[in-house]
Amino acid sequence: MSAGDVPSHLPTALDERAAEAERSVTALFAGSLGGMPRTHLARIVHPAPAASRTLGGLLGTWHYWWQAHYVDAVVDAGLRALRTGDRRGADRHAAQGDRLLQTIRLRNRVRWVNDFYDDMAWLALASGRLEDLHGQLGRTARRRRLRSAGRHLTTQLRSAHTDDLGGGLFWSRDRDFKNSPATAPAALHLARLGETDEARRLVDWLYARLWSPESGLVLDGIRLRGGEEVLVPDVWSYNQGTVLAALVTLGDRVSLARAAALVAAVDARLTVEVGGAQVLRTHGGGDGGLFTGILVRHLAVAATSGSGLADQTRATARRLVLNTAESLWRGRGSLTVAGQRDPSVFPLEPGGTAPQPPLELSPQLQAWTVLEAAATLA
């Protein structure tokens, strides 16, 4: 599809909410790396610690996978600009995504490789979506350059897919834990590449080894300890999201049946009531601050899917996205930042209140992700 073929509409209230979340996260967290020109990265905390301000993010805690989801959010904003007929805004976001992706590599010791395969899966997904954005803008040369990052990351993911424990991906280079956080996004990435046989093998392994028939949800993983297999039965919202998106992308009869059951299980077991509405529960701050945002992004994919999901399944996914977005929006506060319009600050959980500084990037980025997902349903 060329840029001229992209349907557009005037911005809706949901588009405007997503734009406000983007503006706020950018104002509070975005900056350059070490003061270097043409670099872009998100700080982990606002206000940044003194040492981080001095060194411009060159040292200190490094969250590779948080930055991957920042790329995803920037792509969301670029696609929103296209939907609303703002070609210049879409171009700007595509360029921002390029700078961000290259800065991630620079900050990661000038390499794509990370010790954790799930981290690389997240960046592979985000870079693939950035490539698609460039494609919609008609930038074929830029798409070709982006593919080199994707190929490198895909090679790493394939190296972690072994016959140990019957299949699935290792989580890290320690190779003592196979889990959903690595396997599910890798399956989604491969499905998007058209590598459906390998993607389906990964999904089938998840359902054979980590799907719980009692809850209908996907469990965390299996550790190898002294030759023994130890099930880690934790349930995290983001694992349900990536499995769901992989199933919808595969689109065969079995996958769609599994997707419908998974949406129903999420609705039954991963929600809380806030203000008379069922909303998705969240997982606090830190890494958990991104988990529900990832689920919501992929519920929106299911809600807008034309792949054969039943109307009831798509309606349930839509309701969960919109209710969760509405609750986070209603709980927002604001923060005074010199020289800028006061940015919004979003609660860590639906029905909660906005936190006070210091603020973590992850739950604020999660709120942006949720509001972008809701905007796709306008």
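Residues numbered from 1 in each chain as written. Predicted model: local features only at pLDDT ≥ 70, side-chain atom pairs only at ≥ 80, totals over all residues. Heavy atoms only, no water.

Enquirer: Help me out: how do you make sense of the overall build of the chain in this one?
Expert: Across its full length, the chain holds 13 helices and 11 strands. Relative to a compact globule of 378 residues, whose C-alpha radius of gyration would be 21 Å, the chain shows 20 Å and is just as compact. With respect to the three principal axes, the spread of C-alpha positions in the chain is 55 × 45 × 45 Å. Counting all 378 residues of the chain, 55% fall into the buried class. For the chain, contacts bridging at least 24 residues in sequence account for 66% of all contacts bridging at least 6. Summing over all exposed atoms, the chain offers an accessible surface of approximately 15,600 Å²; the carbon and sulfur share of this is 50%. (Helix = DSSP H or I, 4+ residues; strand = E, 2+ residues; numbered from the N terminus. Rg over C-alpha atoms; globule rule 2.2 N^0.38 Å. Buried < 20%, exposed > 50% of the residue type's maximum accessible area, 1.4 Å probe, protein only. Contact = heavy atoms within 4.5 Å. Areas by Shrake-Rupley, 256 points an atom, 1.4 Å probe, with all protein chains shown as cover.)

Enquirer: Explain the nonpolar core here, please?
Expert: What tends to happen in soluble globular proteins is that the nonpolar side chains get buried as a cluster. Leu 299 and Trp 368 are the most contacted members of the largest nonpolar core, which totals 112 residues. For this core, the element with the most residues is helix 3 (residues 64–83), which contributes 12 residues. Not counting residues up to four positions away in its chain, the partners in contact with Trp 368 are Ala 18, Ala 21, Glu 22, Val 25, Tyr 70, Ala 73, Val 74 and Ala 77. (Core = buried A, V, L, I, M, F, W, Y, C linked by side-chain atoms within 4.5 Å.)

Enquirer: Would you mind showing me how to read the environment of Ala 121 here?
Expert: Looking at the element boundaries, Ala 121 is found in helix 5 (residues 117–136). The exposure class assigned to Ala 121 is buried, which follows from its relative accessible area of 0%. Considered as a pair, Ala 121 and Ala 184 are 63 residues apart in the sequence and their alpha carbons are 8.9 Å apart. Not counting residues up to four positions away in its chain, the partners in contact with Ala 121 are Leu 157, Ala 182, Pro 185 and Ala 186.

Enquirer: I'm lost on the pairing of strand 7 (residues 271–274) in this one. Help?
Expert: Looking down a regular strand, the side chains alternate between one sheet face and the other. Sheet analysis places strand 7 next to strand 8 (residues 277–280), joined by 4 bridges and oriented antiparallel. Across the sheet, the residue bridging to Val 274 is Ala 277, located in strand 8. Two successive antiparallel strands, strand 7 and strand 8, enclose a turn made up of 2 residues, where Gly 275 displays a positive phi of approximately 60°. (Pairing = 2+ DSSP bridges.)

Enquirer: When you look at the side chain of Asp 72 in this model, what are you seeing that I'm missing?
Expert: Along the chain, Asp 72 falls in helix 3. Ignoring sequence-local partners within four residues, the contact set of Asp 72 consists of Ala 126, Arg 129 and Arg 297.

Enquirer: Can you walk me through the pattern of salt bridges in this structure?
Expert: Between side chains of opposite charge, pairing is possible as soon as their charged atoms come close. This structure, assessed with the given rule, holds 21 salt bridges. Measuring nitrogen to oxygen at the nearest pair gives 3.5 Å for the salt bridge that ties Arg 139 to Asp 91. Taken together, the residues Arg 139 in the loop between helix 5 and helix 6 (140–160) and Asp 91 in helix 4 (residues 87–107) connect sequence positions 48 residues apart. Using a relative accessible area of 27% as the deciding quantity, one classes Arg 139 as partly exposed. Shared partners join several salt bridges into a network, and the residues in it are Asp 72, Asp 76, Arg 129 and Arg 297. (Salt bridge = Lys/Arg side-chain N within 4 Å of Asp/Glu carboxyl O.)

Enquirer: How do you make sense of the sheet that holds strand 5 (residues 221–225) when you look at a structure like this?
Expert: Pairing between the strands of a sheet is mediated by backbone hydrogen bonds and can be parallel or antiparallel. In spatial order, the strands read 4-5-6; together these 3 strands make up an open sheet with antiparallel pairing. Strand pairing shows two members of the sheet lacking a second neighbour, strand 4 (177–179) and strand 6 (228–232), which therefore form its edges. For this sheet the average axis-to-axis angle between neighbouring strands, irrespective of direction, equals 20°. Pairing analysis gives 5 bridges linking strand 5 to strand 6, with the strands arranged antiparallel. For Arg 225, the partnering residue across the bridge sits in strand 6 and is Glu 228. (Axes fitted to C-alpha atoms, helices over the stretch in contact; angles between N-to-C directions.)

Enquirer: Any chance you could explain the packing of helix 7 (residues 180–192) against helix 9 (residues 237–250) here in plain terms?
Expert: Axis angle and axis distance: for two packed helices, these are the angle between their axes and the distance between the axes, and together they describe the pair. Relative orientation of the contacting elements helix 7 and helix 9 amounts to 25°, with a least axis distance of 8 Å. Between helix 7 and helix 9, the angle is such that the two are roughly parallel. Judged by the sense of rotation from one axis to the other, the crossing of helix 7 with helix 9 is left-handed. For the pair formed by helix 7 and helix 9, the contact residues are Ser 180, Pro 181, Ala 184, Pro 185, Ala 187, Leu 188, Ala 191 and Arg 192 on the first element and Tyr 238, Asn 239, Thr 242, Val 243, Ala 245, Ala 246, Thr 249 and Leu 250 on the second. (Parallel < 35°, antiparallel > 145°, perpendicular 65-115°, else oblique. Left-handed = near helix turned anticlockwise from the far one by under 90°.)

Enquirer: Please clarify how the packing of aromatic side chains should be interpreted in this entry.
Expert: Describing an aromatic ring pair means giving the distance of the ring centres and the angle of the ring planes. If you walk through the whole model with that rule in mind, you get 12 aromatic pairs. Taking the centre distance of 6.3 Å and the plane angle of 40° together, the rings of Trp 65 and Tyr 238 count as tilted. Taken together, the residues Trp 65 in helix 3 and Tyr 238 in helix 9 connect sequence positions 173 residues apart. Residue Trp 65 is classed as buried on the basis of its relative accessible area, which comes to 7%. Ring centres of Trp 122 and Tyr 238 lie 6.1 Å apart, and the angle between their planes is 20°; on these two criteria the pair is classed as stacked. Here Trp 122, found in helix 5, pairs with Tyr 238, found in helix 9; they are 116 residues apart in sequence, far enough to count as distant. Judged on exposure class, the residue Trp 122 and its partner Tyr 238 are both buried. Ring pairing ties together the aromatic residues Trp 65, Trp 122, Trp 236, Tyr 238 and Phe 291, which thus form one cluster. Directly above the ring of Phe 177 sits Arg 223, whose terminal nitrogen or CZ lies 3.9 Å from the centroid. Its guanidinium or amino end placed over the ring of Trp 329, Arg 332 lies 3.8 Å from that ring's centre, counting from NZ or CZ. (Phe/Tyr/Trp six-rings, centres within 6.5 Å; stacked < 30°, edge-to-face > 60°. Lys NZ or Arg CZ within 6 Å of the ring centre and 35° of its normal.)

Enquirer: Got a minute to help me understand the environment of Ala 375 in this structure?
Expert: The residue Ala 375 is located in helix 13 (residues 361–375) in this model. The sequence separation of Ala 375 and Arg 17 amounts to 358 residues, and the corresponding C-alpha distance is 8.1 Å.

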